[in-house]
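Tertiary structure, described
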Amino acid sequence: MDDGLSPTLNRPRWQALLADAITRPADLLAALGIDAAHLALAAEHLRDFPIRVPRSFVARMRPGDPNDPLFLQIWPRPAEADEVPGYGVDAVGDMAKLKGGGLIHKYRGRALVIATGACAVNCRYCFRRHFPYGDAMAARGQWRETLAELDADHSIEEVILSGGDPLALSDDKLAVFAEALETRPWIRRLRLHTRVPVVLPERVDGALLRWLTASRLQKVIVLHANHGNEIDDSVIAACVALRSTGAQLLNQAVLLRGVNDTTDAQAELSERLLAAGVLPYYLHVLDRVAGAAHFDVSELTAQTIMRELAARLPGYLVPRLVREIAGEPAKTQLPW
């Protein structure tokens, strides 16, 4: 891949595309030819978690179809304002484990770093949609607090960059952190949790590939695609390029009502992931975050899908069905 520079703006092309993302419900409806009167979340609620979606992702949606599975993931429905018992602002217990420098240490041997609060897309089911990013963004402090926390605990062998989305940061910032990790011999792996290569594949450019390739760390990139329609030729090309750096590519999806809650949808997602060189890793049942209850799928339905999926596909294309439970020592694998 080339450097992806925008000659007119003198900045990476992906940054220009990200700045051009759709941020108004009316603009999204107009782009898709959906009735302007289509029901949306009231403006006073939408301000807390606004719409944001790159135009290249919108181009993969079916024009005129308000039930398109990609559209449903990013459209702010009125149901988000409903108060539902059991759904709260800290669905997975992040806040109780948050340390300085945006570091969240829940599980033995690995720690997650909230690199930034920025994302390329605002998914309406996001379990961190209420997270206080202003108080915990590692990159804002030039990673100093984060590195200090890692220096104080040599049991951490794997660092997970998350957010927000770490690939919303510039490559200069990411490379500085990776280089700092490389000087700490007890750290073996760098894991990136990112949706950006799926919704904005132009982000995978020469600058990103260079610092990933140069790193001595083992690299794992966990993508987030929920539906096979998200994976077009541009996403496949981005995944091929990421694999060329020596990174292992995995995918984690969320089971979402009306989006991917059928065996056919899950099978197609697994097949499309394999075409991109990505292995299915986790299928999460919904984290119970306030504003997302309308996406919930019963565990009974999830178990049925998993049994049917296992009967249809080879084992390596069947993800693990999991739920994250606050306080548990690992993701909880659900029986099916």
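Anything mentioned here points back to the structure above.
Described below are features of the structure shown in this document. What you are looking at is a predicted structure, and each value in this text was computed from that prediction instead of being measured.

About the criteria used
Residues numbered from 1 in each chain as written. Predicted model: local features only at pLDDT ≥ 70, side-chain atom pairs only at ≥ 80, totals over all residues. Heavy atoms only, no water. Helix = DSSP H or I, 4+ residues; strand = E, 2+ residues; numbered from the N terminus. Patch = residues over 30% accessible without salt bridge, like charges linked within 9 Å, V, L, I, M, F, W, Y side chains within 5 Å. Areas by Shrake-Rupley, 256 points an atom, 1.4 Å probe, with all protein chains shown as cover. Salt bridge = Lys/Arg side-chain N within 4 Å of Asp/Glu carboxyl O. Buried < 20%, exposed > 50% of the residue type's maximum accessible area, 1.4 Å probe, protein only. 1 Å grid on protein atoms, 1.4 Å probe; cavity = no way out; pocket = protein on both sides within 12 Å on 5 of 7 lines; lining within 4 Å. Points joined across faces, edges and corners; volume = space filled by probe spheres on them. Nonpolar A, V, L, I, M, F, W, Y, C, P; charged D, E, K, R; others polar. Phe/Tyr/Trp six-rings, centres within 6.5 Å; stacked < 30°, edge-to-face > 60°. Lys NZ or Arg CZ within 6 Å of the ring centre and 35° of its normal. Expected span 1.5 Å × (residues − 1). Contact = heavy atoms within 4.5 Å. Core = buried A, V, L, I, M, F, W, Y, C linked by side-chain atoms within 4.5 Å. Pairing = 2+ DSSP bridges. Right-handed = clockwise from strand over helix to strand, strands pointing away.

This brings us to unusual backbone geometry. Between G163 and the following residue, G164, the backbone shows a cis peptide bond with an omega angle of 25°. Positionally, G164 belongs in the loop between β5 (158-163) and α7 (171-182). Phi is positive for W143, close to 70°, though the residue is something other than glycine. Within the secondary structure, W143 is located in the loop between β4 (110-116) and α6 (144-151).

Turning to a nonpolar patch on the surface, a few remarks are in order. Together, L274, L279 and Y316 give the surface a local cluster of nonpolar side chains, amounting to about 270 Å² of exposed area. Mapped onto the elements, L274 comes out in helix α11 (residues 263-275).

This next bit is on the pattern of salt bridges. Under the criterion given, the structure shown has 20 salt bridges. Put simply, R195 and E230 hold a salt bridge, and the shortest N to O gap is 2.8 Å. Separated by 35 residues along the polypeptide, R195 in the loop between β6 (189-194) and α8 (196-199) and E230 in the loop between β7 (218-223) and α10 (233-243) bring together distant segments of the chain. A single burial state applies to R195 and to E230, both of which are buried. Of the charged contacts, one joins E299 and R323 as a salt bridge, the two residues approaching to 3.1 Å between their closest N and O atoms. Highlighted residues: E299 in helix α12 (residues 299-312) and R323 in strand β10 (residues 320-323), separated in sequence by 24 residues. For E299, a relative accessible area of 33% corresponds to the partly exposed category. A relative accessible area of 10% means that R323 is categorised as buried. In the salt-bridge network here, residues are joined through shared partners; they are D94, K106, R128, E324 and K331.

Summed over all chains, the structure comprises one cavity of 30 Å³ or more. Roughly 50 Å³ of volume is contained in the largest cavity. Among the elements of the structure, β8 (248-254), α11 and β9 (279-284) are those that each provide at least two residues to the lining of the largest cavity. Broken down by element, the residue count for the lining of the largest cavity peaks at four residues, all from α11. When its residues are assigned to classes, the lining of the largest cavity shows seven nonpolar, three polar and no charged.

In this section: the packing of aromatic side chains. Inspection of the entire model under this criterion finds four aromatic pairs. Taken together, a centroid distance of 4.2 Å and an interplanar angle of 20° make the contact between W143 and F177 stacked. Of this pair, W143 sits in the loop between β4 and α6 while F177 sits in helix α7, placing them 34 residues apart in sequence. An angle of 20° between the planes, with centres 4.0 Å apart, marks the rings of Y281 and Y282 as stacked. Residue classification places Y282 among the buried positions, given a relative accessible area of 13%. For R77, the ring lying beneath its charged end belongs to F295, and the centroid distance is 4.8 Å. The ring of W14 carries the charged tip of R203 above its face, separated from the ring centre by 4.1 Å.

Another aspect to go through is α7. For α7, which comprises twelve residues, the first-to-last C-alpha distance of 16 Å matches the rise-based estimate of 16 Å (1.5 Å per residue) to within 8%. D171, L174, A175, F177, A178, A180 and L181 are the residues of α7 that are buried. Looking at the packing, one finds that the buried side of α7 touches α6, β5, β6 and α9 (206-214).

This brings us to the nonpolar core. In this structure, L28, V53, M61, W143, L150, L161 and L181 are the most contacted members of the largest nonpolar core, which totals 95 residues. Excluding residues that lie within four positions of it along the chain, L28 makes contacts with I22, I51, V53, V58, F71, I74 and W75.

With that out of the way, let us pick up the pairing of β10. Both faces of the sheet carry side chains from a regular strand, because those side chains alternate between them. In this structure, β9 lies alongside β10, joined through three bridges in parallel fashion. Directly across from L283, in β10, lies its bridge partner L321. Viewed along the sheet, the connection from β9 through α12 into β10 turns out right-handed. In terms of strand pairing, β10 meets strand β11 (residues 332-333) through two bridges, oriented antiparallel. The residue bridging V322 from the neighbouring strand is Q333, located in β11.

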